[in-house]
Amino acid sequence: PGFNIANQPIFKTTKATLKPVLEDEYKGQNSFPKVDLSVPIVVNQQFQGLVAATLDVKEFSQLFKSRVEGQDVKITLIDSTDRIITSNQLDRPLMQKFDRRQNGQIKPKDGGFYQWLPPKENLPAMVRWKKSYYVQETTLGGDIPWKVIVEIPAAPQVSYLQNIYIFDLAITLLIAGLALVSARLVSRRLVSPLAQLAQETTNLPDKILEQRPIDWLK
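Definitions and limits used
Residues numbered from 1 in each chain as written. Predicted model: local features only at pLDDT ≥ 70, side-chain atom pairs only at ≥ 80, totals over all residues. Heavy atoms only, no water. Helix = DSSP H or I, 4+ residues; strand = E, 2+ residues; numbered from the N terminus. Buried < 20%, exposed > 50% of the residue type's maximum accessible area, 1.4 Å probe, protein only. Contact = heavy atoms within 4.5 Å. Areas by Shrake-Rupley, 256 points an atom, 1.4 Å probe, with all protein chains shown as cover. Polar contact = N/O pair within 3.5 Å; in protein donor to acceptor, adjacent residues only side chain to side chain. Pairing = 2+ DSSP bridges. Axes fitted to C-alpha atoms, helices over the stretch in contact; angles between N-to-C directions. Arc of directions from axis to C-beta.

## What to know about the overall build of the protein chain
Scanning the protein chain from terminus to terminus reveals five helices and nine strands. When each of the 218 residues of the protein chain is scored for burial, the buried share is 25%. Look at the contacts in the protein chain between residues 6 or more apart in sequence, and 35% of them connect residues 24 or more apart. Accessible surface for the protein chain amounts to roughly 15,300 Å². Of this, 57% is attributable to carbon and sulfur atoms.

## Brief notes about the side chain of Lys74
Tracing the backbone through its elements, the reader meets Lys74 in strand β4 (residues 74–78). Taking the relative accessible area as the measure of exposure, Lys74 reaches 14% and is therefore buried. Within polar-contact distance, the side chain of Lys74 engages the side chain of Tyr133 at 3.0 Å. The contacts of Lys74, once residues within four sequence positions are left out, are Asn88, Gln89, Arg92, Arg100, Tyr133, Ile149, Val150 and Glu151.

## Brief notes about the sheet that holds strand β7 (residues 114–117)
Strand order in the open sheet formed by six strands is β5-β4-β9-β8-β7-β6, with antiparallel pairing between adjacent strands. Each having just a single partner strand, β5 (84–87) and β6 (105–108) make up the two edges of the open sheet. Averaged over all pairs of adjacent strands, the angle between their axes in this sheet comes to 25 degrees, without regard to strand direction. In terms of strand pairing, β7 meets strand β8 (residues 133–141) through three bridges, oriented antiparallel. Among the inter-strand pairings, Tyr114 is bridged to a residue of β8, identified as Val135. Its contacts with the sheet place helix α2 (residues 58–67) against β4, β5 and β9 (144–153), and it is angled at close to 40 degrees to β5.

## Observations regarding helix α1 (residues 9–17)
Residues of α1 that are buried: Ile10, Phe11 and Thr14. The buried residues of α1 occupy an angular sector of 100 degrees when the element is viewed end-on, so they sit on one face. α1 presents Pro9, Lys12 and Ala16 as exposed residues on the side facing more than 90 degrees away from its buried surface.

## Notes on the environment of Leu50
Inspection of the secondary structure assignment puts Leu50 in strand β3 (residues 46–56). Along the chain, Leu50 and Ser38 lie twelve residues apart, while their C-alpha atoms are 6.4 Å from each other. In contact with Leu50, other than residues within four places in its own chain, are Ile5, Phe11, Thr14, Ser38, Val39, Pro40 and Ile41.

Set out below in structure tokens:
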């Protein structure tokens, strides 16, 4: 006998709601789960049937990898219960719960994204910042309750800023060194005539009485 989709819960839900339904129960024996998606056919507000498909989320994983190849970007697709559907990170097991907000510190930023910082654990502020991630969570929209989580490490930005600060500090030290050398040279040129004048005018009355020559500055 053939498979009768009319007896399946996804058919009944699609018919009752007249909206696309994404089945939350996963199937598949391989490492990548598969999900069922049904889209109703509605004519004059009347249910006329549906189009059903089984999605192989392995395609999503390959798409993510191709989009960020050579970049240090983490992409994770989660369902409505925060289970990992697929990810370009091998250390994130499929079907496991994933929620960046459960640990660490969240700092909202302008533009709808946030910065995730690891727990303090006596870590210096700079180390925590360097280990942090900028995270953007985007719902797929419509009636599909999935989210795409994109994470970009802050380390490259921190290193870039450190290099700028080091360069600025080096320029400041160079300017300070040149200013110090210039000040010493100028002070010598200013002090030398005064010192010579002081030397020549020492015991000036005695020199005048004794008619000794005085080497006045020219």
